[in-house]
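Okay, here's what each chain looks like letter by letter:
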Amino acid sequence: MDKPQTMRSFVKLLVTDAQASVRFYEGLGFERIASEPPILRLQWGGESDVYLVSHPSSLKLEGRKGMGVLVGFRAGSEGVDAVAAKAAALGAHVEGPTEQPWYTREIVITDPDGYRLNFIEPA
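Our subject in this report is the structure included herewith. (Residues numbered from 1 in each chain as written. Predicted model: local features only at pLDDT ≥ 70, side-chain atom pairs only at ≥ 80, totals over all residues. Heavy atoms only, no water.)

1. Focus on the sheet that holds strand β7 (residues 104-110)
Strands pair in a sheet through their backbones, by hydrogen bonds, and they do so in one of two ways: parallel or antiparallel.
So, step 1. With mixed pairing, the four strands of this open sheet are ordered in space as β5-β8-β7-β6. At either margin of the open sheet sits one strand with a lone partner, and together these are β5 (70-74) and β6 (93-99). On average, each strand axis in the sheet is inclined to that of its neighbour by 20°, with strand direction left out of account.
So, step 2. As paired strands, β7 and strand β8 (residues 116-122) are joined by seven bridges and run antiparallel to one another. When the bridges of β8 are listed, isoleucine 109 appears paired with leucine 117.
So, step 3. Across the sheet, helix α2 (residues 79-89) lies against β6, β7 and β8, angled at about 15° from β7, the strand it touches most. (Pairing = 2+ DSSP bridges. Helix = DSSP H or I, 4+ residues; strand = E, 2+ residues; numbered from the N terminus. Axes fitted to C-alpha atoms, helices over the stretch in contact; angles between N-to-C directions. Contact = heavy atoms within 4.5 Å.)

Okay, structure coming up:
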């Protein structure tokens, strides 16, 4: 199940419930690449890697996670509407789609830990 480490960049997200988070991300269409607790590696569209990291209970995270940060992904061939529908079926908050002046159509989805995921497609 483990694939070679070939990504150019990645993001690590500290999560409170790894199993709930992986169900959410897989429900959106992310593929589980590796699972070595406390870290789960997921991939979007064969190119964008996300590591879900279970943080130790002794670590106290204050404030809203990811405040001011959008983790961005190209929506891919299904488009933002399909991703938005999957997110809504998972009970996630979805903003958009919005057409931006820089010629993209975008949605923002909030994951179970409050991280904001920005999916885009050409407008």
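This is not the end of the story, as more comes after the structure.
2. Here's the deal with the sheet that holds strand β1 (residues 10-15)
So, step 1. Taking strand neighbours across the sheet as the criterion, the four strands line up as β1-β4-β3-β2 in an open arrangement whose pairing is mixed. Edge strands, defined here as strands with exactly one partner in the open sheet, are β1 and β2 (31-36). If you compare each strand with its neighbour and ignore which way they point, the axes differ by 20° on average.
So, step 2. Along the sheet face, helix α1 (residues 18-28) touches β1, β2, β3 (39-44) and β4 (48-54) and points at about 10° away from the line of β3.

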